[in-house]
Amino acid sequence: QVQLVESGGGLVQPGGSLRLSCAASGSIFSIYAMAWYRQAPGKQRELVAAITSSGSTNYADPVKGRFTISRDNAKNTVYLQMNSLKPEDTAVYYCNADLKRSAATPRSFYWGQGTQVTVSS
């Protein structure tokens, strides 16, 4: 069994900051890419940022220069530092991990349960 548990969401004023965390636990052999997605009401889930096991990153255009993704491989944890938050960043943020549970099993994607981020004055 693999679990991804997010934390750090909440209510913040425009221009403020939040830091999301996502810890993967359970039967894990190796984690490849980890990513953050978000889904706003009435919209499709979209990629926010991703990071490979070696630390290469990519960001969606709306968050470039404001959000930073990082990871601690020893803790199987990925972070999302969100600065200069805007009302349009309001969404449920989901963690995603591409991993193998053992050397013999194929790579699979796992999702966290999501954490709400609300940007409002």
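Our structure's up above, just so we're on the same page.
These numbers were taken from a predicted model, which means no experiment stands behind them. (Residues numbered from 1 in each chain as written. Predicted model: local features only at pLDDT ≥ 70, side-chain atom pairs only at ≥ 80, totals over all residues. Heavy atoms only, no water.)

## Comments concerning the overall build of the protein chain
No. 1: Helix and strand content of the protein chain: zero helices and 11 strands.
No. 2: Mapped in sequence order, the helices and strands of the protein chain form the string β-β-β-β-β-β-β-β-β-β-β.
No. 3: For the protein chain, the residues scored as buried account for 37% of the 121 residues in total.
No. 4: Contacts spanning at least 24 positions in sequence make up 55% of the contacts within the protein chain whose residues lie at least 6 apart.
No. 5: Surface exposure of the protein chain reaches about 6,300 Å², of which carbon and sulfur atoms provide 48%.
No. 6: Placing the 12 positive and 7 negative side-chain charges of the protein chain at their respective mean positions leaves the two points 5 Å apart. (Helix = DSSP H or I, 4+ residues; strand = E, 2+ residues; numbered from the N terminus. Buried < 20%, exposed > 50% of the residue type's maximum accessible area, 1.4 Å probe, protein only. Contact = heavy atoms within 4.5 Å. Areas by Shrake-Rupley, 256 points an atom, 1.4 Å probe, with all protein chains shown as cover. Lys, Arg positive; Asp, Glu negative; His and termini not counted. Charge placed at Lys NZ, Arg CZ, Asp CG, Glu CD.)

## Remarks on the sheet that holds strand S3 (residues 18-26)
No. 1: The four strands lie next to each other as S1-S3-S8-S7, forming an open sheet whose pairing is antiparallel. Every other strand in the sheet has two partners, leaving strand S1 (2-7) and strand S7 (67-72) as the edge strands with one partner each. In this sheet, adjacent strand axes meet at a mean angle of 15° when their direction is disregarded.
No. 2: Pairing analysis gives six bridges linking S1 to S3, with the strands arranged antiparallel. Pairing of Gln3 across the sheet is with Ser25, part of S3. (Pairing = 2+ DSSP bridges. Axes fitted to C-alpha atoms, helices over the stretch in contact; angles between N-to-C directions.)

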